[in-house]
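# Reading the structure
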Amino acid sequence: MAMAISKAQPSCDGTARTSSKRSAHRIAGVAALAFLVAATLGSSIVLAGNSVGSFEIDGNLAPDYATPPAEPIDWLSNPFPASLTTFHDATGQGDSIFGMGSKENDQSSWVCTTGSAPQKDDVLNQISIPQDSSPVAGEIAFRFVDGKQFMYANWSRLSNNGNAHIDYEFNQNDPAVTPASPGCSQLPKREIGDFLVSFDTDVAAGTITVAAFTWNGATFVPLATGSQGLLWDAAVNPGPMAGLIAVNSSLKDVSNLFGELALNVSDTIGTIPCNQVLFVSMKTRASTSLSAELKDRTRAVPANFTVFNSAGANASGNAFAARLEDALLGLDTTLPAATPAGCTQGVCSSQSGPGSTSNGNQVLAVPPPPQPLLSASVLTASSTSTVDPASNTATDTGVAESAGVDVLGGLVTADVVRAVATAKATGFNASVSIAGSAFKNLVVNGTQLNNVDPNTRIDLPAAAFGLGSYVALLEETDSISQPPAGQISGGSFAADVTVNMIHVHIAGVIGGIEAADVIVSHAAAHADFPQPGGCPALVGTVSGDATILDVQTDPVAVPVLFGRVAIPPQGGHDHQDLDELTTSAATSGTSVSDSLGSVTSTTSTSTSLAQAQNVCVVPTGGACTVSIRALSSQANSTSGGGASSSNANGTSLLGVTVGSTLIGDNPAPNTCISVIPNVAVILNEQVCDGAGTLNCSPTGTPVTCSGSTSSGLTVRAVHVIVTAGGTLGLPAGANVIVGEAHADSSHP
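Residues numbered from 1 in each chain as written. Predicted model: local features only at pLDDT ≥ 70, side-chain atom pairs only at ≥ 80, totals over all residues. Heavy atoms only, no water.

### Brief notes about the packing of aromatic side chains
As a reminder, the rule being used: Ring pairs shown here join Phe, Tyr and Trp side chains whose ring centres sit within 6.5 Å, with only the six-membered ring taken for Trp; geometry is labelled stacked below 30 degrees between planes, edge-to-face above 60, and tilted in between. A helix here means a DSSP run of H or I that spans at least four residues, while a strand means a run of E at least two residues long, and both kinds are numbered starting from the N terminus. Three exposure classes are used, based on accessible area relative to the maximum for each residue type with a 1.4 Å probe and protein chains only: buried under 20%, partly exposed in between, and exposed over 50%.
The tally for this structure, following the rule as stated, stands at 12 aromatic pairs. Ring plane angle 90° and centroid distance 5.8 Å describe the contact between Phe308 and Phe428, whose orientation is recorded as edge-to-face. Within this pair, whereas Phe308 is found in the loop between strand E16 (301–303) and strand E17 (314–326), its partner Phe428 is found in the loop between strand E23 (412–426) and strand E24 (430–433), the two being separated by 120 residues in sequence. With a relative accessible area of 3%, Phe428 lands in the buried category. Site record: aromatic cluster; members linked through ring pairs are Phe55, Trp75, Phe80 and Tyr152.

### Looking at the side chain of Ser606
Put simply, the rule is: N or O atoms closer than or at 3.5 Å make up a polar contact, with two conditions inside protein: a donor-capable atom paired with an acceptor-capable one, and, for residues adjacent in sequence, both atoms drawn from side chains. In what follows, a contact means two residues having at least one pair of non-hydrogen atoms within 4.5 Å.
Within the fold, Ser606 resides in strand E39 (residues 604–620). Judged by its relative accessible area of 2%, Ser606 falls in the buried class. Of the polar contacts made by the side chain of Ser606, one reaches the backbone oxygen of Ser543; its length is 3.4 Å. If we skip the residues at most four places from it in the chain, Ser606 touches Val542, Ser543, Leu596, Gly597, Ala635, Asn636, Ser637, Ala743 and Asp744.

### What about the environment of Val301?
Inspection of the secondary structure assignment puts Val301 in strand E16. The buried category is assigned to Val301, whose relative accessible area is 13%. The spacing of Val301 and Ser281 is 20 residues in sequence and 6.6 Å in space, taken between C-alpha atoms. What Val301 contacts, discounting residues up to four positions off in sequence, is Thr85, Thr86, Phe87, Leu278, Phe279 and Val280.

### A word on the nonpolar core
Here is the rule we go by: To form a nonpolar core, buried Ala, Val, Leu, Ile, Met, Phe, Trp, Tyr and Cys residues must be joined to one another through side-chain atoms within 4.5 Å.
Counting 54 residues, the largest nonpolar core has Val407, Val412, Leu442, Ile502 and Val504 as its most contacted members. If you list the elements that add at least two residues to this core, you get E17, strand E21 (374–388), strand E22 (393–407), E23, strand E26 (442–444), strand E29 (470–481), strand E30 (492–510) and strand E31 (513–530). Of the residues forming this core, the biggest block, 8 residues, is contributed by E30. In contact with Ile502, not counting residues within four places along its chain, are Val412, Val417, Phe439, Leu442, Ala472, Leu473, Val518, Ile519 and Val520. Leu549, Ala586, Val618 and Val679 belong to the second-largest nonpolar core, a separate cluster that totals 33 residues.

### Quick notes on the pattern of salt bridges
The following threshold applies: Salt bridges are defined as contacts in which a side-chain nitrogen from Lys or Arg sits within 4 Å of a carboxyl oxygen from Asp or Glu.
Overall, the coordinates contain 15 salt bridges when judged by the stated rule. Across the pair Arg190 and Glu104 runs a salt bridge, and its minimum N-O distance is 2.6 Å. Here Arg190 is found in the loop between strand E8 (184–188) and strand E9 (195–202), whereas its partner Glu104 is found in the loop between strand E2 (95–98) and strand E3 (112–115), with 86 residues between them in sequence. Judged on exposure class, the residue Arg190 and its partner Glu104 are both buried. Within the structure, one salt-bridge network assembled from shared partners comprises Glu104, Glu169, Arg190 and Lys283.

Rendered as structure tokens:
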């Protein structure tokens, strides 16, 4: 699908509007004229001009200003007011390079291998920056200045014994899902709308050229970039520079080991939407031509095009296991005790700006006397507030768990009552969840309840409890807010959710109790995040996650997960590789979990993938309950234009054996096997969102997931369910899932 790019999309970044920038504008004409007259490599390139994107293109890292105002910026500006992506690359025989014959404009010729690149074409980790703990081989950054989007990029190479030919390529495809060629699985396959920015030096002529190209499906088409100093600018280092570590100690002259550029993206390539997910890599060529042979390469990494303000984000919440109120007894007690001391809601947490705060407390053995409202064996509560600048997310989670609960002498009893409230906010949207909230063996006024819908109310007899008395279960209130449609700056995304698992209200007088309220397991969460400049609120959302192993032995306990990745509602990318997995529930060789999603003005798409080799599920007695040579679970979802659909394209299971029964390759969706007593095995399980839990029946029936505005699908390669305790050494109701992928999307 072609990438959606709009020309000169308006933006309000809020940065780069200082008096020094206005000074830069006053010298723009002089600087531009100087570069049009001559741009020579070496000591004459000292200040190539700050007129392009308010960036110091002077062949070094340090800003020229000593104190704020901080415009124009440079790579060592602190704070760095642009979104940043870094590249790492090695040197020597272990370097990631292209095999001979790999041509830039012909991906079918690409061979990705390891070896040594020619020194002049060898990009490597030599640039030291505060944003990374180790030296980097290059960087790219994006921001808006005066309503225009600008790209800044740099590189470093091993030797200056020839011209530099550097490419930065931006692709829509994820190489983990759609590789460039059979010989190069590390880089992505090109799609129409992908683009490339090139940096070429000519030592003999003393010039630098920056060019931009777009892929039309067959070749790269040049885009108009004009003359140096107008829509682009570039420079190399004239000599030694702070922050550049020359690895090649034999060099007496270290000039031209570093280069940097600034490019007006809005007026050349077209503004890249805030939430666009693109994978970018650095490559080197043998010459200026795009048909030249490729030499060195970096790993393709997802690029960030949005400047987020995590310093302005907030998360807060609270939780308590029980609150007891009685007017006649003068009782108003919250358990566990206030943590920290000023908290009025049991346990509280709060975080403003990057960081994390967590508090917890518990109380054991709560007997009825001297109060007759509640007895319990354990009451615990915790609250965690986090603002994560890496994912640009504010999240709060409150958890309250009460065990051995008895309210009002048997009116309500439960083995476990667990409340979980989660609020999440990003720079694009906000969401709430009470997933994880649960009852175990809940009985209300003599009736056992196995399934409880949110905000269930059970009225109590007025004659016994007073008119208006009730038991409320799974009380939930939530709210989500975002900037109005069309607003592109100054807004905020916010989410709030509160859940009370049990709320008993007594209106009358019974046994010395009057106007009593008992709340068991309460959790509340809030999160807010500022709107990034230039980014309107998204009308669609996505969800995606993948897991190699999911083990759940207790219905009210949090599952144990391995190889878990997930993306936020506005889209993004998450990836994890495991060399091997060794647990009592399953073992495997190498595995990959990956989730990718994006939301545009017209569509929402997500894809999740879980792959593993040589899998042994629930090993017992030297054998595997289920063994698989190779599995790949894939879920795909897309929404837009009044239609939404999800499928399992890409899913495969090879060499499957259940117990001693050979199943073979690619069992049909939802194939159920019952060859082991007290154990149900579902192979290639596929369940649409909203369809509930699949009942195991040997039908092998494919599923279809569709809707007008939303759909979703979960794919599980193997799902083992223990139906009787002790089988396979697991309790009754235990679930072991291997290779799970979920994807959903929504769009009006």
